[in-house]
Amino acid sequence: RNYIKKFPSSARDLANYGNEMPKFLQESSYIEEWPFLRDLAEFEMNFWKMFHTDYPLVESAIIDPLNLSETRFSFENIILHCSDWDVVSIWRNRESVAEDVEIDWERKTYHLIFRNDVTVHLLELSEKQYTLLFTMQSGNTLGAALVIVDISGEEVQDLFSKLKSQKVPLASWDMAG
């Protein structure tokens, strides 16, 4: 009721009515008792957005390995999400009885949300893998992102192996310059 009072709807379609919910929750007194609520609402919005996104038709890209460091990637069909809370576990157990669920309340989480078929998928990332992708999403080439982010070669290889094996639609590559 408080949300409706603060953000009255003038639209007949309520599909995007919750866009201000994370902000509302962050500024509300609810956050004192449930500090994860804003992150949970943001995750739910991201999941909903990906669920209602058209299935991406991504073709395999031919990448010149000699110029890989100058490659920019398109993040059009994925969403990066991080949280100070394990909101994915909270979200997955939303219909469970609270006493039956164990949640690590101190665990920060990093996920990539995507669709490569009719299902929305979550790919858990390390903090450094998330930071690398976030840096690339900000417009940096792979080479520039690798200079900015302190990440090992093994972790980069693991990241791109996961992206490939999970068929993450991170294609739509274009060469810088």
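Refer to the structure presented above.
Residues numbered from 1 in each chain as written. Predicted model: local features only at pLDDT ≥ 70, side-chain atom pairs only at ≥ 80, totals over all residues. Heavy atoms only, no water.

1. Looking at the overall build of the protein
When helices and strands are tallied, the protein shows eight helices and five strands. Put simply, the protein runs from its N terminus to its C terminus through helices and strands in the order α-α-α-α-β-β-α-β-β-α-α-α-β. By the burial criterion, 37% of the 177 residues in the protein qualify as buried. Across the protein, contacts joining residues at least 24 apart in sequence account for 63% of those joining residues at least 6 apart. Summing over all exposed atoms, the protein offers an accessible surface of approximately 11500 Å²; the carbon and sulfur share of this is 50%. (Helix = DSSP H or I, 4+ residues; strand = E, 2+ residues; numbered from the N terminus. Buried < 20%, exposed > 50% of the residue type's maximum accessible area, 1.4 Å probe, protein only. Contact = heavy atoms within 4.5 Å. Areas by Shrake-Rupley, 256 points an atom, 1.4 Å probe, with all protein chains shown as cover.)

2. Some details on the packing of aromatic side chains
Evaluation of the coordinates by the stated rule reveals eight aromatic pairs. Geometrically, the ring pair formed by Tyr3 and Phe24 is edge-to-face, given 5.3 Å between the ring centres and 80 degrees between the ring planes. Pair noted here: Tyr3 is in helix α1 (residues 2–6) and Phe24 is in helix α2 (residues 21–27), with a separation of 21 residues, a long-range link. (Phe/Tyr/Trp six-rings, centres within 6.5 Å; stacked < 30°, edge-to-face > 60°.)

3. Looking at the environment of Ile151
On the secondary structure map, Ile151 appears in the loop between α7 (142–148) and α8 (153–165). The class of Ile151 is buried, set by a relative accessible area of 14%. Between the alpha carbons of Ile151 and Lys128 there is a distance of 6.0 Å; along the sequence they are 23 residues apart. In contact with Ile151, not counting residues within four places along its chain, are Lys128, Gln129, Leu132, Leu146 and Val156.

4. A closer look at unusual backbone geometry
We note that Lys167 has phi near 55 degrees; this positive angle belongs to a residue other than glycine. Position of Lys167 relative to the elements: it lies in the loop between α8 and β5 (174–175). Residue Lys167 is classed as exposed on the basis of its relative accessible area, which comes to 62%.

5. Some remarks on the pattern of salt bridges
This model, assessed by the stated rule, comprises eight salt bridges. Residues Asp39 and Arg38 are paired through a salt bridge, measuring 2.4 Å at the closest nitrogen-oxygen approach. In this structure, Arg38 engages Glu42 in a salt bridge whose closest nitrogen and oxygen atoms are separated by 3.0 Å. Separated by four residues within a single helix, Arg38 and Glu42 lie in helix α4 (residues 37–51), roughly one turn from each other. (Salt bridge = Lys/Arg side-chain N within 4 Å of Asp/Glu carboxyl O.)

6. A word on α4
When the terminal C-alpha atoms of α4 are compared, their 21 Å separation across 15 residues agrees well with the 21 Å that a helix rising 1.5 Å per residue should span. Regarding α4, the residues found buried are Leu37, Asp39, Leu40, Ala41, Phe43, Asn46, Phe47 and Met50. If you follow the buried residues of α4, they end up packed against α2, α3 (30–33), β2 (78–83), α5 (87–92), β3 (109–115) and β4 (120–124). (Expected span 1.5 Å × (residues − 1).)

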